[in-house]
Amino acid sequence: ARLEASGYFVVYADALNYVNPAGELDISDLLLTLAGAFSDALEAALKLDLKDESYWSRLTSFLTRTEIEFTEVGGSIEGAELKAALKASPTFRQVLQKKMAFHLGSLKQDVHRFFEDGVKAIQKRRGADVQVVFIFDSLEQIRGSLVNQESVIHSVESIFEGHLDKLKLPYIHAVYTVPPWLKFVLPGIGNIVLLPSIRQWRNDPARTPYVQGVDALRAMVKRRLTEEGASQLFSDPSQVDRLIDVCGGHFRDLLRLLSETLLRAQSLPVPDPVLEKAIKAVRRNFLPISVEDAHWLDRIAATRLPNHRTRADVHRLARFLDSHLVLYLTNGEEWYDIHPLIREEVEKTVAHYPLETTPGNGA
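Conventions adopted
Residue numbers run consecutively from 1 along every chain, following the written order of its sequence. Confidence filtering applies because this is a predicted model: local features only for residues at pLDDT of at least 70, side-chain atom pairs given and counted only at 80 or more, and all residues used for totals across whole chains, interfaces and linings. As a rule here, side-chain values come from all non-hydrogen atoms in the structure, and water together with hydrogens is ignored. Only DSSP runs of H or I with at least four residues qualify as helices, and only runs of E with at least two residues qualify as strands; both kinds are numbered from the N terminus onward. Partly exposed residues are those whose accessible area sits between 20% and 50% of the maximum for their type, while under 20% is buried and over 50% is exposed, using a 1.4 Å probe and protein chains only. Note on definitions: a residue-residue contact is assigned when non-hydrogen atoms from the two residues lie within 4.5 Å. Note on areas: Shrake-Rupley with a 1.4 Å probe; residue coverage comes only from the protein chains shown. Only the contacting stretch of a helix is used when fitting its axis, a line to C-alpha atoms as for every element, and angles between N-to-C directions run 0 to 180 degrees. Angular relationships are summarised with four words: roughly parallel below 35 degrees, roughly antiparallel beyond 145, roughly perpendicular across 65 to 115, and oblique for the angles in between. By definition, any crossing whose near helix is turned counterclockwise from its far helix by less than a right angle is left-handed, and any crossing with a clockwise turn is right-handed. Amino acids are sorted into nonpolar (Ala, Val, Leu, Ile, Met, Phe, Trp, Tyr, Cys and Pro), charged (Asp, Glu, Lys and Arg) and polar (every other residue, Gly among them). Pairing of aromatic rings covers Phe, Tyr and Trp, the last through its six-membered ring, and needs centres within 6.5 Å; plane angles under 30 degrees mean stacked, over 60 mean edge-to-face, and all others mean tilted. A helix is expected to reach a length of 1.5 Å times the quantity of its residues less one. Residues enter a nonpolar core if they are buried and are Ala, Val, Leu, Ile, Met, Phe, Trp, Tyr or Cys, with the set joined through side-chain atoms within 4.5 Å. Exposure above 30% relative accessible area and the lack of any salt bridge qualify a residue for a patch; like charges then connect within 9 Å, and the nonpolar side chains Val, Leu, Ile, Met, Phe, Trp and Tyr within 5 Å. One speaks of a salt bridge when a side-chain nitrogen belonging to Lys or Arg is within 4 Å of a carboxyl oxygen belonging to Asp or Glu. Strands were regarded as paired on the criterion that DSSP finds at least two bridges between them.

**A short note on the overall build of the protein**
Part 1: A tally of helices and strands in the protein yields 15 helices and 5 strands.
Part 2: Across the 363 residues that make up the protein, the buried fraction comes to 46%.
Part 3: In the protein, of all internal contacts separated by at least 6 residues, the share reaching a separation of at least 24 is 70%.
Part 4: By element, 50% of the accessible surface of the protein is carried by carbon and sulfur atoms, the whole surface being about 19,300 Å².

**Side note on the packing of helix α2 (residues 27-45) against helix α6 (residues 104-126)**
Part 1: Packing of α2 against α6 brings their axes to within 10 Å, and their N-to-C directions diverge by 15°. By the angle class used here, α2 and α6 are roughly parallel. Judged by the twist between their axes, the crossing of α2 over α6 is left-handed. Each of Ile27, Ser28, Leu31, Leu32, Leu34, Ala35, Phe38, Ser39, Leu42 and Ala45 in α2 lies in contact with α6, whose residues at this interface are Leu104, Leu107, Lys108, Val111, Phe114, Phe115, Gly118, Ile122 and Arg126.
Part 2: A per-class count over the contact of α2 with α6 returns 14 nonpolar, 3 polar and 2 charged.

**Some remarks on the packing of aromatic side chains**
Part 1: This model, assessed by the stated rule, comprises 7 aromatic pairs.
Part 2: Judged by centre distance (4.6 Å) and plane angle (45°), the rings of phenylalanine 38 and phenylalanine 115 are tilted. Of the two residues, phenylalanine 38 sits in helix α2 while phenylalanine 115 sits in helix α6, which places them 77 residues apart along the sequence.
Part 3: The class for phenylalanine 115 is buried, based on a relative accessible area of 0%.
Part 4: Between phenylalanine 160 and tyrosine 176, the aromatic rings sit 6.5 Å apart at their centres with planes inclined by 80°, giving edge-to-face as the arrangement. With phenylalanine 160 in helix α7 (residues 149-162) and tyrosine 176 in strand β3 (residues 172-176), this pair connects stretches of sequence that are 16 residues apart.
Part 5: Classification of phenylalanine 160 by relative accessible area gives buried; the value is 6%.
Part 6: Each residue in the set Phe38, Phe115, Phe134 and Phe136 is aromatic and connected to the rest through ring pairs, giving one cluster.

**Re α6**
Part 1: Look at α6: 33 Å from first C-alpha to last across 23 residues, which is about the 33 Å you get at 1.5 Å a residue.
Part 2: By the burial criterion, the buried members of α6 are Leu104, Leu107, Asp110, Val111, His112, Phe114, Phe115, Gly118, Val119 and Ile122.
Part 3: Following α6 by one or two positions, glycine 127 adopts a phi angle in the positive range, close to 110°.

**Here we look at the nonpolar core**
Part 1: Formed by 100 residues in total, the largest nonpolar core has its most connected members in Phe134, Phe136, Phe160 and Leu297.
Part 2: Discounting chain neighbours no more than four positions away, the residues touching phenylalanine 134 are Val11, Ala13, Leu34, Ala37, Phe38, Phe115, Leu169, Ile172, His173, Ala174 and Val175.

**Overview of a nonpolar patch on the surface**
Part 1: Nonpolar side chains collect at one region of the surface, where Val291, Tyr353 and Leu355 lie side by side and expose about 260 Å² of accessible area between them.
Part 2: Here valine 291 lies in helix α13 (residues 291-303).
Part 3: According to the relative accessible area criterion, valine 291 is partly exposed, its value standing at 30%.

**Notes on the packing of helix α11 (residues 251-264) against helix α12 (residues 272-284)**
Part 1: The geometry of α11 relative to α12 is characterised by a closest axis approach of 8 Å and an angle of 130° between their N-to-C directions. When the axis of α11 is compared with that of α12, the two are oblique. Both α11 and α12 take part in a crossing whose hand is right-handed. Residues Arg256, Leu257, Glu260, Thr261 and Arg264 of α11 touch α12, and the partners they reach there are Val274, Leu275, Lys277, Ala278, Ile279, Ala281, Val282 and Arg284.

**Here's the deal with the sheet that holds strand β1 (residues 9-14)**
Part 1: Across the sheet, 3 strands lie side by side as β1-β2-β3; this open sheet has parallel pairing. Each edge of the open sheet carries a strand with a single partner, namely β1 and β3. Neighbouring strand axes in the sheet, compared pairwise and without regard to direction, differ in orientation by 15° on average.
Part 2: Here strand β2 (residues 132-137) runs beside β3; their pairing, made up of 5 bridges, is parallel. In the sheet register, valine 133 faces β3, and the bridge partner there is histidine 173.

Rendered as structure tokens:
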């Protein structure tokens with residue numbers, strides 16, 4: 001909305017409508033997805049009926065020109081069928097990746113040419129001076145599963161390390177939401193901006209409350225429930241603060257706490273025991289925490305640093321940033337902490353299970 005108010009033409013697409021978040025990503029997949037998503041979003045934004053001019057139809061022609069066939073996946077796949085197959089069929093994606101490996105240069109040219117044509121179509125409608133922004137959202141949610149997390153992380157890393165030039169789209173300001181760990185894996189890649197949690201305490205040993213952050217979260221609760229709804233649900237503002245205190249500055253975690261409270265409310269306003277049950281229910285989503293992880297998290301809580309020294313640490317940090325066990329915060333400088341809901345569990349685990357030390361190599 002801010003970009004549009006400044007005169008930009010903004011095209012928005014959600015990556016999860018096109019890719020499987022649990023699967024490995026390949027540069028050919030991503031290029032096809034980018035062009036197809038831009039095509040769909042542009043058609044909606046300009047209220048066009050592209051039909052044979054959509055990128056999905058254009059891709060069929062490209063595959064024909066490059067003599068790529070898909071007999072291995074049951075015959076020809078055309079137009080919009082390609083969109084569904086890219087997301088839903090691992091076999092199709094594997095076949096496509098192998099075949100596209102020999103045509104990557106041609107594919108890049110075809111995709112970039114389509115974006116060029118798209119910009120021309122926008123300028124025809126909105127004026128020659130209009131600048132175009134393409135926001136490709138939700139790519140950060142590609143994280144794999146417990147079985148293939150490592151290979152999925154490696155596939156995303158490979159794309160941004162080896163193919164960044166292909167993701168720079170002609171005549172377009174491209175914004176990609178990427179996994180937060182990319183900042184640590186590829187520190188020299190460029191301008192990666194991490195969105196911090198709402199800061200609720202200061203970066204000091206006592207975690208002194210930061211009033212402005214708490215006030216912002218209170219305002220969010222009132223906007224979500226309305227002033228009247230909040231006064232019906234809670235008998236006292238301190239009840240709202242009880243949920244805010246343990247949300248870690250994450251909107252989604254606060255909304256989950258509110259949701260769990262509503263689910264357990266048998267009468268209004270809710271009594272304090274209902275709040276505690278809601279908090280315990282959300283805390284269970286973060287547990288259990290292994291002894292090794294607890295010691296690793298404890299170091300972050302003590303130092304307020306990301307505690308990543310090895311590649312395995314980076315992967316662990318990625319997992320914890322994704323799950324909100326680790327919080328990224330800023331106040332002129334970057335710092336880290338652990339989620340309030342797990343502090344007590346981490347402290348107990350560390351106290352009960354000290355790490356064994358081996359003479360000569362430390363803890």
